[in-house]
Amino acid sequence: MSGYWPRTPFEPCVIGGDRLIDLLNNDLSALSERTMATVNDRPIVITGAGGFIGGHLVEHFRRMGYRDIRAADIKPLDEWYQVHKDVKNYAGPLKGDCRDFKVCRTICKGAAEVYQLAADMGGMGFIENNKALCMLSVLTNTHMLLAAQEAGVARFFYASSACVYNAEKQKDPNITALKEADAYPALPEDGYGWEKLFSERMCRHFREDFGMKCRVARFHNVYGPNGTWEGGREKAPAAICRKVIAAVVSGKHEIEIWGDGTQTRSFMYIDDCVKGINLITHSDILEPINLGSSELVSINRLVDIAEEIAGVKLHRKYKLDAPRGVAGRNSDNTKIEAYLNWEPSTRLRDGMEKTYRWIEEEFTAKYDAETAHLSSISTFTHGARPIPGDGFNPESRFMDTWTQGIPAGYGKGAKTGSSAGGGKGKKAGGSGGARRSKAETSAGGRKTPGKKKVKAKAGAGKGRKPARARR
Ligand code: NAD
Ligand code: GDD
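First things first, this report covers the structure right here in the doc. (Residues numbered from 1 in each chain as written. Chains lettered and ligands numbered in written order. Predicted model: local features only at pLDDT ≥ 70, side-chain atom pairs only at ≥ 80, totals over all residues.)

1. Focus on the overall build of the chain
Each helix and strand in the chain was counted, giving 15 helices and 17 strands. Burial analysis of the chain (471 residues in total) assigns 49% to the buried set. Look at the contacts in the chain between residues 6 or more apart in sequence, and 78% of them connect residues 24 or more apart. (Helix = DSSP H or I, 4+ residues; strand = E, 2+ residues; numbered from the N terminus. Buried ≥ 20, exposed ≤ 12 C-beta atoms within 10 Å, placed from the backbone. Contact = placed C-beta atoms within 7 Å.)

Shown next as structure tokens:
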């Protein structure tokens, strides 16, 4: 039994029937049996499957007994974090680029469910410096929606982000947790957040106008093994693990932290994320919903945890002009608890232990004491120029990522926003723009970071390739 259409994105929907009982009891086996009955003769599609969350989602459904899975990613197969031989893999720009409508049609044909996770994205270092690339994911989202609708899929899941939330609500490290309604009036993260918010609404209108069962989760910072830990796209948990490991391996006991370390976030462990995706997709929750941990920590505390795991204490250097994003962000889980009687609950300390150990293995397979410092080299570019350091663009201090491009007088947002370069921002923004103009006209290269051996020194990493999960 399904619910009724909400008239606004915030209006609660009704869930009921057997599904409600399954969900309230959190009875995954009953849920999975019935779900599988509807899909086991038709494939499910997971895009972005060569990436972090997509790779884990494929594994999650394999474990649940799904037999017909199509996994797609623009990256060549040898760069996927997890490769499953019993899955039909559509890899590389010809078979797996979901910006291409023909590819979307091929992978969606005859499918029962689509999980749309493909996106050109990363942590703050990437999204602040690659707004156009982030926005181009709109092609992927639009074409996947169209192809899924044409194929008549039963369910469509879209991975949105906490970056859709209004910046004004995230200016204090002691933030009040973000509830779903806080996305409007809209003042999301520039580039990446706007694209996510737009695509959320596309899902809503495909549901309302075409009757396609779209489900949308707003992920809050997800971490775990088999994800990006170097190259410039990595998020804080993986970056901090890598930096602590580099300090241990090199014997140089110091760490660089972006910002002053007081900024706060909540971090969701990957196992909670894939479980939540499954529950939300097969629920009758019609509006976008938070999928995140509510365990708020400062970045300084995150560093403490990594140090505890490593058994070291490092000298901290704070890079105040590095990309920082919002001052504070946490997930209000009232809705997800009410709907599913469940919320992500893995303790950060436990998830970080597993993440740290996996990155440690990858790191030591690739670097040694002499080459450890090379792990901070960024492999993505800003326009035609490589960005120095691990995703840090010195020009970004002139860019107010929140208010850029917002007309003066739009709410309070135009006057405030991130304080890094705040006052300077307006003045220097012009010159930053002028400096950027060359890069804007040249073709930007997209490189896939993280999985290529850094060629800095012969013998780096003793020739052993980082482990890649193959099943
Ligand atoms: P990821 O970068 O590890 O995976 C995304 C994958 O999409 C990559 O492997 C990439 O190659 C692929 N991709 C990019 N463009 C593509 C295209 N045109 N066609 C096919 N594949 C393409 O990122 P992730 O952490 O696994 O994120 C998955 C999804 O979750 C994304 O939509 C992301 O925006 C969203 N999300 C993630 C987080 C997080 O903290 N990890 C937070 C909020 C939202
Ligand atoms: N990436 C990174 N690397 N961040 C660092 C580092 C570092 O070495 N040191 C400190 N930080 C700080 C950042 O400055 C930021 O204030 C905070 O850690 C979190 O950074 P990220 O993990 O990169 O991103 P985020 O939490 O601001 O946003 C992420 O989560 C969103 C969902 O909640 C991004 O991954 C978004 O793409 C995602 O949608």
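2. Things to note about the nonpolar core
Ranked by internal contacts, the top residues of the largest apolar core, which has 105 residues, are Ile46 and Val114. With 10 residues, helix α10 (residues 236–250) is the single largest residue contributor to this core. Apart from the residues lying within four places of it in its own chain, the contact partners of Ile46 are Gly54, Leu57, Val58, Ile69, Ala71, Tyr115 and Leu117. (Core = buried A, V, L, I, M, F, W, Y, C linked by C-beta atoms within 7 Å.)

3. Re the sheet that holds strand β4 (residues 88–91)
Reading across the sheet, the seven strands line up as β4-β2-β1-β5-β6-β7-β12 and stay open at both edges, with parallel pairing between neighbours. This sheet does not close on itself; its edge strands, each paired only once, are β4 and β12 (289–291). The sheet shows a mean angle of 20° between the axes of neighbouring strands, taken without regard to direction. Pairing analysis gives six bridges linking strand β6 (residues 155–161) to strand β7 (residues 214–219), with the strands arranged parallel. (Pairing = 2+ DSSP bridges. Axes fitted to C-alpha atoms, helices over the stretch in contact; angles between N-to-C directions.)

4. Points about the site of ligand 2
Near ligand 2, the surroundings consist of 26 residues, among which Gly123, Ser161, Lys235, Ala239 and Gly325 are the closest. Elements with a minimum of two residues in the shell around ligand 2: α6 (124–127), α10 and β9 (254–258). When residues of the shell around ligand 2 are assigned to their parent elements, the largest contribution, three residues, is made by α6. Grouping the constituent residues of the shell around ligand 2 by class yields 14 nonpolar, eight polar and four charged. (Near = placed C-beta within 6 Å. Nonpolar A, V, L, I, M, F, W, Y, C, P; charged D, E, K, R; others polar.)

5. Some thoughts on the site of ligand 1
The local shell around ligand 1 holds 29 residues, among which Gly48, Gly51, Ala118, Ala119 and Phe219 are the closest. Among the elements of the structure, α3 (52–63), β2 (69–73) and β6 are those that each provide at least two residues to the shell around ligand 1. Broken down by element, the shell around ligand 1 gets its largest block of residues, three residues, from α3. For the shell around ligand 1, the residue count by class is 12 nonpolar, 11 polar and six charged.

6. Re the pairing of β7
In terms of residue burial, β7 counts as a mostly covered element, since six of its six residues are buried. Neither face of β7 is left uncovered, since the one carrying Cys214, Val216 and Arg218 and the one carrying Arg215, Ala217 and Phe219 both have all their residues buried.

7. What about the packing of α10 against helix α12 (residues 299–310)?
The N-to-C vectors of α10 and α12 enclose an angle of 45°; their axes lie 10 Å apart at closest approach. In terms of axis orientation, α10 runs oblique to α12. Crossing geometry of α10 relative to α12 is assigned as right-handed. When α10 is examined against α12, the residues Ala236, Pro237, Ile240, Cys241, Val244 and Val248 are found in contact with a partner set consisting of Ile299, Leu302, Val303, Ala306, Glu307 and Ala310. Considering only residue class, the contact of α10 with α12 consists of 11 nonpolar, no polar and one charged. (Parallel < 35°, antiparallel > 145°, perpendicular 65-115°, else oblique. Left-handed = near helix turned anticlockwise from the far one by under 90°.)

8. Some thoughts on the packing of α10 against helix α14 (residues 348–366)
Think of two packed helices as two axes; the pair is described by the angle between the axes and how far apart they sit. For the pair α10 and α14, the least separation of the axes is 9 Å and the interaxial angle reads 55°. With respect to α14, the axis of α10 lies oblique. Once α10 is placed against α14, the crossing between them reads as right-handed. Where α10 approaches α14, its residues Pro237, Ala238, Cys241, Arg242, Ile245 and Val249 are matched on the opposing element by Met352, Thr355, Tyr356, Ile359, Glu360, Phe363 and Thr364.

9. Brief notes about unusual backbone geometry
The omega torsion of the bond from Tyr184 to Pro185 falls at 0°, within 30 degrees of zero and hence cis. Looking at where Pro185 falls in the secondary structure, it is placed in the loop between β6 and α9 (192–210). Phi is positive for Asn226, close to 60°, though the residue is something other than glycine. Along the polypeptide, Asn226 turns up in the loop between β8 (222–223) and α10. Its 21 C-beta neighbours within 10 Å are what place Asn226 among the buried residues.

10. Section: the pairing of β6
For β6, the buried fraction is high: seven of the seven residues fall into the buried class. The two faces of β6 match: Arg155, Phe157, Ala159 and Ser161 on one face and Phe156, Tyr158 and Ser160 on the other face are all buried. Two strands pair when backbone bridges link them, and strand β5 (residues 113–116) and β6 are joined in this way by four bridges, in the parallel orientation. Of the residues in β6, the one forming a bridge with Glu113 is Arg155. Considered for its hand, the β-α-β crossover made up of β6, α9 and β7 is right-handed. (Right-handed = clockwise from strand over helix to strand, strands pointing away.)

11. Looking at helix α11 (residues 270–281)
End to end, α11 covers 16 Å across 12 residues, agreeing with the expected 16 Å (1.5 Å per residue, within 8%). Counted residue by residue, α11 has 10 buried out of 12 residues, so it is predominantly covered. Within the span of α11, buried status applies to Ile270, Asp272, Cys273, Val274, Gly276, Ile277, Asn278, Leu279, Ile280 and Thr281. (Expected span 1.5 Å × (residues − 1).)

12. Some remarks on the environment of Phe157
Relative to the assigned elements, Phe157 resides in strand β6. Those residues in contact with Phe157 that lie beyond four places of it in its chain are Val114, Tyr115, Gln116, Arg215, Ile277 and Thr281.

13. Here we look at α3
The end-to-end C-alpha distance of α3, which contains 12 residues, comes to 17 Å, matching closely the 16 Å that a straight helix rising 1.5 Å per residue would cover. In terms of burial, α3 is largely enclosed, as nine of its 12 residues are buried. Positive phi appears at Gly65, one or two residues downstream of α3, with a value of about 105°.

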